[in-house]
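# Observations on the model geometry
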Amino acid sequence: MRLSDWLVLPEILPLMLSGLKVTVTITFFSVFTGLLIGTIVGLARLSRNRLLYILTTIYVEVIRGTPLMVQLFMTYYALPEIGIHLPPMIAGWVTFSVNSGAYVSEVVRAGIQSIDKGQMEAARSLGMSWGQSMRYVVLPQAFRNIMPPLGNEFIMLLKDSSLMSVIAVPEVMRYAGLMVGRKGGYALPIYATSGLLYLMLTLPLSMVVRRAERRLAKGD
Amino acid sequence: MIELNNVHKYFDQLHVLKGVTNRVHRGEVVVIIGPSGSGKSTLLRCINYLEEPTEGEIRVDGVKLNHSGTNINRVRQDVGMVFQSFNLFPHMSVTDNITLAPKKVRGVAEAEAKETALELLAKVGLSDKATAYPRQLSGGQQQRVAIARALAMRPRVLLFDEPTSALDPEMIGEVLDVMKALADDGMTMIVVSHEMGFAREVGDRVLFMDEGQIVEEGCPEELFSRPQNPRTQAFLSKIL
């Protein structure tokens with residue numbers, strides 16, 4: 001490798017940055033829907049309804065027990081065979097939301113279980129329904145406690161979004177691969193740059209997570 | 001206003017309540033005493049259905065609790081409960097703790113709920129703590145807020161589950177004083193407590209429970225001075 005290889009940077013950077021925009025956008029949306037799915041499934045797994053419990057447990061085990069890559073291929077390549085065609089970005093978003101939802105549901109479940117039973121009882125004794133008690137009393141406390149693991153989940157998702165390059169989502173790694181192919185080289189500067197772009201996002205995020213952890217440890 | 005008819009409660013194999021029958025009238029202050037494990041708390045928790053009785057019948061103002069057509073949330077609005085461990089909502093200010101249920105359940109407007117909360121805080125002697133958070137309060141103060149929170153729903157009966165057992169001795173008095181004032185106002189109260197002084201002074205009737213049954217009951221003077229049942233005698237001789 002020659003030092004002059006790095007002169008390729010100005011040429012590739014604009015494309016990489018547009019890839020970064022896609023990475024951030026799709027991660028953001030996946031985190032949001034993943035959180036939504038995770039909360040609902042987490043609650044369902046605590047339910048006394050057997051059917052609900054069994055269905056959601058199967059969901060969580062299947063998703064956690066199979067590679068994300070397989071899930072991505074199922075959504076993008078297998079679903080069209082039963083007539084469901086999704087564009088790459090949507091396929092990526094759906095897959096990541098469903099995947100993240102399974103992991104988040106376990107975190108949410110643990111978060112709810114960490115809240116003293118007396119909280120639910122106090123809320124119910126005031127005449128609030130189960131749903132109201134969850135929404136106003138238990139969940140706000142649970143979410144405070146699970147901010148650190150949720151932050152880590154966010155970071156994982158951000159990094160894993162690079163997998164979407166295999167279904168042609170125009171994110172960072174997709175552009176990186178394309179450029180290395182087109183230029184027949186420059187792998188080091190291009191992939192190193194990709195890595196740095198992820199690091200730029202994940203480092204501040206993990207700092208926030210660590211601060212949240214410290215604050216919780218102090219019990220404040 | 002509260003009727004218990006042959007109430008049984010099992011926790012799996014454990015037979016905790018063995019046929020409890022009693023009646024509590026409006027304005028009455030009933031104190032339940034007895035050794036730990038005698039089922040006092042379980043009985044209290046059955047009255048607002050935090051525990052489901054396995055057998056028997058519980059009626060609040062004529063409404064049967066363990067009945068599929070009964071809206072239990074509706075019943076609980078009228079049956080307040082104060083817990084041993086306070087159970088204030090730690091993520092909310094004192095005022096929000098008190099106004100939450102009136103707003104969400106009774107549909108009371110924010111301003112009105114707040115006004116009521118301030119009145120109740122004055123009543124329990126904590127007017128200066130309206131914006132404080134539970135963790136900034138002492139145990140006695142937290143319990144007084146919990147009483148105010150229960151009162152905010154304007155319940156027809158208040159259940160107290162060992163309200164002073166988790167408190168340091170110097171804070172017990174301030175909570176009992178609030179409870180006394182409530183009793184003087186005519187509030188119907190059922191109190192599970194080890195505070196015999198309170199039972200004697202405020203209670204209209206004392207129930208002695210042992211091994212899941214009401215063994216003896218009577219007015220405090222009678223029960224404390226001349227207990228009839230040997231088990232009551234044994235218990236009282238240990239604690240008085």
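A short tour of the structure in this document, coming up. (Residues numbered from 1 in each chain as written. Chains lettered and ligands numbered in written order. Predicted model: local features only at pLDDT ≥ 70, side-chain atom pairs only at ≥ 80, totals over all residues. Heavy atoms only, no water.)

A few words on the overall build of chain A. Helix and strand content of chain A: nine helices and zero strands. Counted from the first residue to the last, chain A has its helices and strands arranged as α-α-α-α-α-α-α-α-α. Taken along its principal axes, the extent of the C-alpha atoms in chain A is 70 × 50 × 25 Å. Evaluated residue by residue, chain A yields a buried proportion of 42% over its 220 residues. The contacts of chain A with a sequence gap of at least 6 include a subset with a gap of at least 24, amounting to 75%. Of the roughly 11700 Å² of accessible surface on chain A, 68% is carried by carbon and sulfur atoms. Here chain A contributes 20 positive and 12 negative side-chain charges, whose respective centroids are spaced 5 Å apart. (Helix = DSSP H or I, 4+ residues; strand = E, 2+ residues; numbered from the N terminus. Buried < 20%, exposed > 50% of the residue type's maximum accessible area, 1.4 Å probe, protein only. Contact = heavy atoms within 4.5 Å. Areas by Shrake-Rupley, 256 points an atom, 1.4 Å probe, with all protein chains shown as cover. Lys, Arg positive; Asp, Glu negative; His and termini not counted. Charge placed at Lys NZ, Arg CZ, Asp CG, Glu CD.)

Taken as a whole, helix H6 (residues 130-145) of chain A carries its principal kink of about 45° at Val138 of chain A; the proline Pro140 of chain A stands between one and four residues after it. Of the residues making up H6 of chain A, those classed as buried are Ser133, Met134, Tyr136, Val137, Val138, Leu139, Gln141 and Ala142 of chain A. For H6 of chain A, the elements touching its buried residues are helix H1 (9-45), helix H4 (88-113) and helix H5 (117-125) of chain A together with helix H3 (94-104) of chain B. (Bend = angle between axes of the 7 residues up to and from the residue.)

Either a parallel or an antiparallel arrangement is found when strands of a sheet pair, and the pairing is made through backbone hydrogen bonds. Taken together, the four strands give an open sheet; going across it, the order is S2-S1-S4-S5 (chain B), and neighbouring strands pair in antiparallel fashion. Two strands lie at the open edges of the sheet, namely strand S2 (14-24) and strand S5 (63-64) of chain B, each paired on one side alone. (Pairing = 2+ DSSP bridges.)

Residue and element names in this part refer to chain B. Here the structure, examined in full by the defined rule, presents 24 salt bridges over all chains. Residue Glu57 pairs with Arg59 through a salt bridge whose shortest N-O separation is 3.2 Å. As a salt-bridge pair, Arg74 and Asp78 come within 3.6 Å of each other at their nearest N and O atoms. Of the residues examined, Asp78 reaches a relative accessible area of 16% and is grouped as buried. (Salt bridge = Lys/Arg side-chain N within 4 Å of Asp/Glu carboxyl O.)

With that settled, the discussion passes to the packing of H5 of chain A against H6 of chain A. All names here are of chain A. For the pair H5 and H6, interaxial distance at closest approach is 9 Å and the crossing angle is 140°. By crossing handedness, the relation of H5 to H6 is classed as right-handed. In contact with Gln119, Met120, Ala123 and Arg124 of H5, H6 contributes Trp130, Ser133, Met134, Val137, Val138 and Gln141. Residue classes in the contact of H5 with H6 are distributed as six nonpolar, three polar and one charged. (Axes fitted to C-alpha atoms, helices over the stretch in contact; angles between N-to-C directions. Left-handed = near helix turned anticlockwise from the far one by under 90°. Nonpolar A, V, L, I, M, F, W, Y, C, P; charged D, E, K, R; others polar.)

Contact with chain B, which involves 24 residues of that partner, is made by 18 residues of chain A. Here chain B packs against chain A, burying approximately 1700 Å² in sum over the two surfaces, 60% of which is carbon and sulfur. The tally of links between chain B and chain A comes to one salt bridge. Here Arg45 of chain B ties to Glu121 of chain A by a salt bridge, and the two come within 2.6 Å at their closest N and O atoms. At the surface where chain B touches chain A, the tally comes to six residue pairs in polar contact (both at pLDDT 80 or more). Those elements giving two or more residues to the side of chain B that touches chain A turn out to be helix H2 (72-77), strand S6 (79-82), H3 and helix H5 (139-151) of chain B. Of the residues in the side of chain B that touches chain A, the class split is 14 nonpolar, five polar and five charged. (Buried area = accessible area lost by both parts, 1.4 Å probe. Polar contact = N/O pair within 3.5 Å; in protein donor to acceptor, adjacent residues only side chain to side chain.)

To continue, consider the nonpolar core. In terms of nonpolar packing, the biggest core is built from 52 residues, with Ile112 and Val137 of chain A together with Ile2, Leu4, Phe89, Leu159 and Ile190 of chain B touching the most fellow members. Of all hydrophobic cores here, the second largest spans 48 residues; its members include Val82, Ala130, Met179 and Ala199 of chain B. (Core = buried A, V, L, I, M, F, W, Y, C linked by side-chain atoms within 4.5 Å.)

Let us now look at the sheet that holds strand S8 (residues 188-192) of chain B. All names here are of chain B. Taking strand neighbours across the sheet as the criterion, the six strands line up as S6-S7-S8-S3-S9-S10 in an open arrangement whose pairing is mixed. Single-partner strands in this sheet number two, and they are S6 and strand S10 (213-218). Along the sheet, successive strands turn relative to each other by an average axial angle of 20°, direction set aside. Bridge count for S6 against strand S7 (residues 157-161) is four bridges, and the pairing is parallel. Paired with Val82 across the bridge in S7 is Phe160.

This part covers the side chain of Ser38 of chain B. All names here are of chain B. For Ser38, the location among the structural elements is in the loop between strand S3 (29-33) and helix H1 (40-47). Within the local environment of Ser38, its side chain forms a polar contact with the backbone oxygen of Pro35, the two atoms lying 2.6 Å apart. The contact partners of Ser38, leaving out residues within four places of it in the chain, are Val16, Met209, Asp210, Glu211, Gly212 and Gln213.

Quick look at the environment of Val137 of chain A now. In this fold, Val137 of chain A is placed in helix H6. Apart from residues no more than four positions distant in its own chain, Val137 of chain A is found in contact with Gln119, Ala123, Met128 and Gln132 of chain A together with Phe89, His91 and Leu100 of chain B.

Further remarks concern the environment of Arg174 of chain A. Residue and element names in this part refer to chain A. Relative to the helices and strands, Arg174 is located in helix H8 (residues 172-183). With relative accessibility at 30%, the residue Arg174 sits in the partly exposed group. For the pair formed by Arg174 and Ile37, sequence separation is 137 residues and the distance between their alpha carbons is 28 Å. What Arg174 contacts, discounting residues up to four positions off in sequence, is Ser165, Ala168 and Val169.

Before going further, it helps to spend a moment on unusual backbone geometry. The phi dihedral of Ala168 of chain A is positive, around 65°, even though this residue is not glycine. By the secondary structure assignment, Ala168 of chain A is in the loop between helix H7 (147-160) and H8. One non-glycine residue, Phe86 of chain B, adopts positive backbone phi at about 65°. Looking at the secondary structure, you find Phe86 of chain B in the loop between S6 and H3. Overall, Phe86 of chain B belongs to the buried group, its relative accessible area being 11%.

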